[in-house]
Amino acid sequence: MGNLSRASEALPEWAANLVVKWRRHLHQHPELSFQEHETAAFVEKTLRQWEGLEISRPTRTSVLAVLKGARPGKVLALRADMDALPITEENDIPFVSGNPGVMHACGHDGHTAMLLAAAGILAQHREELSGEIRFIFQHAEELPPGGAIELVNAGVVDGTDFVFGIHLASLLPVGQIGVRSGEMMASPDNFTITIKGYGGHAAMPHRTIDVIAVGAQLIGHIQHIVSRLTDPLEQLVVSVTQFTAGSSHNVIPDSAVLKGTIRSFKPAVREQAPETLKRMAEAVAGLYGAEVQFDYVKGYDPVVNDPELSGIIREIAAKVAGSEALVETPPAMGGEDFSAYQRKAPGVFINVGAGHAESGIVYPHHHPKFNFDEQALELGVRMFIGVAVRLLTP
Ligand code: NI
């Protein structure tokens, strides 16, 4: 395994150069979720230069490349997401977004570039591998229902033994790798509560059913879902993020809309929270003679890393980056559709540090000044290769 194993210690020079070049190209040409046409074409074209990859387009803007090793063995899926966000970039860099209002503000340009480099290197060492690697270039991570579920439904992870994915993390210093066993990211579900009352003159509230007063009461009660009605040892967030009503100083409106998000890890908590919220909304509205309509849309499933595979990934990270580089990723209430793959096969999602305070790379993901230290790209590629070497060589 000499050659390939060495690539996980230091990338071949061509790959170290191209991964940065590709990232900058992608950064300059960001595309929104489900609209990644040029991105997918670029990925496909780049993949076609290497022999041994079976390339297909499972959906219009996603790309799958399959590499079969020289001997039969396990099946490993490696995933990168490719979509950008509706944000106007505020960075002053030579490869700033050329698509106004659209920006790679989450590092998916880096993910795509890293997986391209890994595919190229692994394709060149096909004879050293057993089994099969599926390189999944996924569309639409940022927009529910998400691209992952479409790819799962298209069968791209049928029969896989392992799934592995990387997210670059600007708030983790470059050089570090964050791994977590078990619950890592939450299920981001959304609710909309429409309160229907009876509008009228602001000077005669007694002749109205004031939906603003009802909504304000309800928001107070909602705080008790977490603090009084949920086991304190469970993780749950209920946030009202939008409260829309009214049009004037002297008119009590006849409807109001509350929107928000419920985030959790455990299925039981995830089921119970919206039921409690609906019951509460109906009860509070009922006190004042108002009515409510309750709409709930489930987001991605929580990302839960397989404990056994997490242990193996930790060992690989320690070998690739040094044991001092390894940190424990804390759980976070954000969402990620990588979870869709984890329902089909044991999977692990990790963070590769990409922040660098001394260079001003300190902005969080989805910020108009988000950026990452490109040195992280090399480490990410080496992780992909390290995982393939460990899982697919005897
Ligand atoms: Ni992301």
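Heads up: these notes are all about the structure in this document. (Residues numbered from 1 in each chain as written. Predicted model: local features only at pLDDT ≥ 70, side-chain atom pairs only at ≥ 80, totals over all residues. Heavy atoms only, no water.)

### Some points on the nonpolar core
If you look at the biggest cluster of nonpolar residues, it comprises 70 residues, and the most contacted ones within it are Leu47, Leu122, Phe135 and Met383. The biggest single contributor to this core is helix α10 (residues 375-392), with 12 residues. Setting aside anything within four residues of it in sequence, one finds Leu122 in contact with Leu4, Leu67, Leu78, Leu129, Ile133, Phe135, Ile385 and Ala388. (Core = buried A, V, L, I, M, F, W, Y, C linked by side-chain atoms within 4.5 Å. Buried < 20%, exposed > 50% of the residue type's maximum accessible area, 1.4 Å probe, protein only. Helix = DSSP H or I, 4+ residues; strand = E, 2+ residues; numbered from the N terminus. Contact = heavy atoms within 4.5 Å.)

### Brief notes about the pattern of salt bridges
Applying the stated criterion across every chain, the model contains 21 salt bridges. Two residues, Asp81 and Arg79, come together in a salt bridge whose shortest N-O distance is 3.7 Å. For Arg79, a relative accessible area of 1% gives the class buried. For Lys266, the salt bridge identified is with Glu234, shortest N-O distance 3.6 Å. Here Glu234 lies in the loop between α6 (211-227) and β10 (236-245) and Lys266 lies in the loop between β12 (255-264) and α7 (267-288), a separation of 32 residues in the sequence. Linked by salt bridges that have partners in common, Arg23, Arg24, Asp109 and Glu374 make up one network. (Salt bridge = Lys/Arg side-chain N within 4 Å of Asp/Glu carboxyl O.)

### Examining the sheet that holds β12
The 4 strands lie next to each other as β10-β12-β8-β13, forming an open sheet whose pairing is antiparallel. Lying at the two open borders of the sheet, with one neighbouring strand each, are β10 and β13 (291-297). For this sheet, the mean angle separating the axes of adjacent strands, direction not counted, is 20°. Its contacts with the sheet place α6 against β8 (187-196), β10 and β12, and it is angled at close to 170° to β10. (Pairing = 2+ DSSP bridges. Axes fitted to C-alpha atoms, helices over the stretch in contact; angles between N-to-C directions.)

### Re the pairing of strand β2 (residues 63-68)
In terms of burial, β2 is a largely internal element, 5 of the 6 residues being buried. Note: strand β1 (residues 53-56) against β2, 4 bridges, orientation antiparallel. The residue bridging Ser56 from the neighbouring strand is Leu64, located in β2. Here β1 hands over to β2 after 6 residues, the two strands then running antiparallel side by side. Direction of pairing for β2 relative to strand β4 (residues 130-138): antiparallel, over a ladder of 6 bridges. Bridge assignment links Val66 to a residue of β4, and that residue is Arg134.

### Remarks on the coordination of the nickel ion
Coordination sphere of the nickel ion, protein contribution only: Cys106 (SG), His108 (NE2) and His167 (NE2), at 2.1 to 2.4 Å. Spacing between the donor residues of the nickel ion along their common chain follows C-x1-H-x58-H. We note that Cys106, like His108, is buried. (Donors = N, O, S within 2.8 Å, 3.2 Å for Na, K, Ca; no water.)

### What to know about the layout of surface pockets
Space left empty within the atom packing is revealed by a probe, the size of a water molecule, rolled over the atoms. Its boundaries defined by the atoms lining it, the largest pocket holds a volume of some 800 Å³. If you go around the largest pocket, you meet 29 residues; those closest to its centre are His167, Met185, Ala332, Gly334 and His365. Elements represented by at least two residues in the lining of the largest pocket include exactly β5 (162-173), β7 (182-185), β8, β15 (326-328) and β16 (347-355). When residues in the lining of the largest pocket are grouped by element, the largest group, 5 residues, is from β5. In the lining of the largest pocket, the residues fall into 15 nonpolar, 9 polar and 5 charged. Here the lining of the largest pocket spans two domains, and each of domain 1 (2-184 + 302-392) and domain 2 (187-297) adds at least three residues to it. By volume, the second largest pocket is sized at about 210 Å³. For the lining of the second largest pocket, the secondary-structure elements that each account for two or more residues are α7 and α9 (339-342). (1 Å grid on protein atoms, 1.4 Å probe; cavity = no way out; pocket = protein on both sides within 12 Å on 5 of 7 lines; lining within 4 Å. Points joined across faces, edges and corners; volume = space filled by probe spheres on them. Nonpolar A, V, L, I, M, F, W, Y, C, P; charged D, E, K, R; others polar. Domains from an automatic or database assignment.)

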